[in-house]
Amino acid sequence: MGTLTIAIVSTFVLGYLGITVEHSLRVNKAAFALLMCVGVWVLYMIDPLSYLTAMHADYQGGAAGVGQAVSEILQGHLGSTAETLFFLMGAMTIVEVVDTNGGFNFVRDALETRSKRKLLWKIMFMTFFLSAALDNLTTSIVMIMVLRKLVSDHKDRLIYASLIVIAANSGGAFSPIGDVTTIMLWIKGTITTAGVMKEIFIPSLISAIIPTLILQMSLKGELSKAQAATEGDSLDFSAAERKIVFFLGVGGLLFVPIFRYLTDLPPFMGILLVLSVLWLTTELFYRNKHNISDGMKKRVTKLLSRLDMSTILFFLGILMAVACLEEIGVLHGLGSWLDGASGGNHYLVTGIIGVASSIVDNVPLVAGCMGMYPIAPSGDMAVDGVFWQLLAYCAGVGGSMLIIGSAAGVVVMGLENISFGWYMKRISWVALVGYLAGIAYYWVERHYIFP
């Protein structure tokens, strides 16, 4: 590893450390993420030609074409990142519109209980199964909105919110549309819908149940009544209009995977379609409500101002910084080293990749694995083989071990103001136990149930 590569990796590590101690320094994590992003790319530009020739075999531009080539590379990574960011912003706005207009009240009523532990289990199961139908990012946003209506004590809510991250990532791992990495593997043809759901479902469920069993020990007694009220309790729409808003919003989110299948367009286009239809519908509802003095406060144009832009910028910085690590070959090199060091033990390789996915984004890790390993006609590398199914499980569930290890964790971190240090001290080991228990069950499953 050259001196410049070491400097880039060191800058990433320093930025990462800044994110971990944001509460001690009282500096927003987005500032560190953006500074880290710019820093690694500035260092990259000290000698971009060496990286271009090493990582892009088809590059023919020489020194004169470096600027154009790097611009195209950055635009490519920014395009991929923007897909995620626009999906996130669209989903957050849709959930906000539905929530503000009372659409999630019935979900709150279904979950409502005075027992702290009973609520924990209800939230786990609902989050787990909902994330398989939607995706872990959207599910986390929905469940946090509901959680705020049920739990007023912020210390208790941190426990519930952390479990939402774990359950959302676990639920997304066994569904081909539940997580961006399973979507990647599914589209590439390394896993099938029937195969991954049959063999990864129970390991994923175990990875959520074990943490719930542990976390319930820190919750005792009954909940106090959630504090009155949110703006959503003062409703502008009639019951029929609220139902329409709910079904357009939640039904639209469920429709996004279908839209992707029918059109082959990326998910963010489906989200924008749902948002535009919901926006148009609410505008038509407000058109005839002349007697509502504060109605403008709940229009989509006003709700857009509630988006947490610091979380969006944090996500931008993290993903673009990881893209730089991908461009200098660090991620690919890490994967090759893991394969050699493990002696081809695919349980060990995918297990370590899962741990790594809690530190850096799982998308480039999975993409690197798909590029490194071809699909074999038989054995562990065949379609629905041990390697590919474990990769789907480990890359999805492993992200729960750190709060910034998944899109769901990043969003919940911003929405509930969870500090990196608190999560690492209280939750990381719990998520690790569930993660390892799921892998252990999969080993038993492969040797004795589906040999």
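Check the entry above for the structure.
Residues numbered from 1 in each chain as written. Predicted model: local features only at pLDDT ≥ 70, side-chain atom pairs only at ≥ 80, totals over all residues. Heavy atoms only, no water.

Turning to the overall build of the chain, a few remarks are in order. Across its full length, the chain carries 22 helices and zero strands. For the chain, the C-alpha radius of gyration of 22 Å lies close to 22 Å, the compact-globule estimate for 451 residues. Expressed as a percentage of its 451 residues, the buried residues of the chain come to 54%. Within the chain, contacts between residues separated by at least 24 positions form 77% of all contacts whose residues are at least 6 apart in sequence. Only carbon and sulfur atoms are counted for the fraction: they give 65% of the accessible area of the chain, which is about 19,100 Å². Distance between charge centres in the chain, computed from 29 positive and 31 negative side chains, equals 13 Å. (Helix = DSSP H or I, 4+ residues; strand = E, 2+ residues; numbered from the N terminus. Rg over C-alpha atoms; globule rule 2.2 N^0.38 Å. Buried < 20%, exposed > 50% of the residue type's maximum accessible area, 1.4 Å probe, protein only. Contact = heavy atoms within 4.5 Å. Areas by Shrake-Rupley, 256 points an atom, 1.4 Å probe, with all protein chains shown as cover. Lys, Arg positive; Asp, Glu negative; His and termini not counted. Charge placed at Lys NZ, Arg CZ, Asp CG, Glu CD.)

In the structure shown here, the tally under the stated rule is four salt bridges. A salt bridge links Asp156 to Lys116, with the shortest nitrogen-to-oxygen separation between them at 2.9 Å. Taken together, the positions of Asp156 in helix 9 (residues 154-173) and Lys116 in helix 7 (residues 116-133) put the pair 40 residues apart, joining distant regions of the chain. Given the relative accessible area of 13%, Lys116 is considered buried. Ionic pairing is found between Arg148 and Glu416, a salt bridge with its closest N-O pair at 3.0 Å. (Salt bridge = Lys/Arg side-chain N within 4 Å of Asp/Glu carboxyl O.)

The end-to-end C-alpha distance of helix 22 (residues 428-449), which contains 22 residues, comes to 30 Å, matching closely the 32 Å that a straight helix rising 1.5 Å per residue would cover. Those residues of helix 22 that are buried are in contact with helix 9, helix 11 (193-215), helix 17 (346-356), helix 19 (386-397) and helix 21 (420-426). (Expected span 1.5 Å × (residues − 1).)

The full count for this structure, using the stated rule, is 16 aromatic pairs. Residues Phe174 and Phe201 carry aromatic rings whose centres are separated by 5.1 Å and whose planes lie at 75 degrees to one another, so their mutual orientation is edge-to-face. With Phe174 in the loop between helix 9 and helix 10 (180-188) and Phe201 in helix 11, this residue pair connects regions lying 27 residues apart in the sequence. Clustering of aromatic rings is evident, with ring pairs tying together Phe128, Phe129, Phe174 and Phe201. For Lys29, the ring lying beneath its charged end belongs to Phe314, and the centroid distance is 5.6 Å. (Phe/Tyr/Trp six-rings, centres within 6.5 Å; stacked < 30°, edge-to-face > 60°. Lys NZ or Arg CZ within 6 Å of the ring centre and 35° of its normal.)

Note that soluble globular proteins tend to have their nonpolar side chains buried in a common cluster. Counting residues in hydrophobic clusters, the biggest one holds 137 residues, and the most contacted among them are Ile8, Tyr44, Phe104, Tyr160, Trp388 and Ile404. It is helix 5 (residues 66-100) that contributes the most residues to this core, 14 residues altogether. Discounting chain neighbours no more than four positions away, the residues touching Ile8 are Val40, Leu43, Tyr44, Tyr51, Cys324, Leu325 and Ile328. (Core = buried A, V, L, I, M, F, W, Y, C linked by side-chain atoms within 4.5 Å.)

Our focus in this paragraph is the packing of helix 10 against helix 19. Between helix 10 and helix 19, whose axes approach to 9 Å, the crossing angle comes to 160 degrees. Relative to helix 19, helix 10 is oriented roughly antiparallel. Classified by chirality, the crossing of helix 19 by helix 10 is right-handed. Contacts between helix 10 and helix 19 involve Thr181, Thr182 and Leu185 from the first element and Trp388, Leu391, Ala392, Ala395 and Gly396 from the second. In terms of residue class, the contact of helix 10 with helix 19 is built from five nonpolar, three polar and no charged. (Axes fitted to C-alpha atoms, helices over the stretch in contact; angles between N-to-C directions. Parallel < 35°, antiparallel > 145°, perpendicular 65-115°, else oblique. Left-handed = near helix turned anticlockwise from the far one by under 90°. Nonpolar A, V, L, I, M, F, W, Y, C, P; charged D, E, K, R; others polar.)

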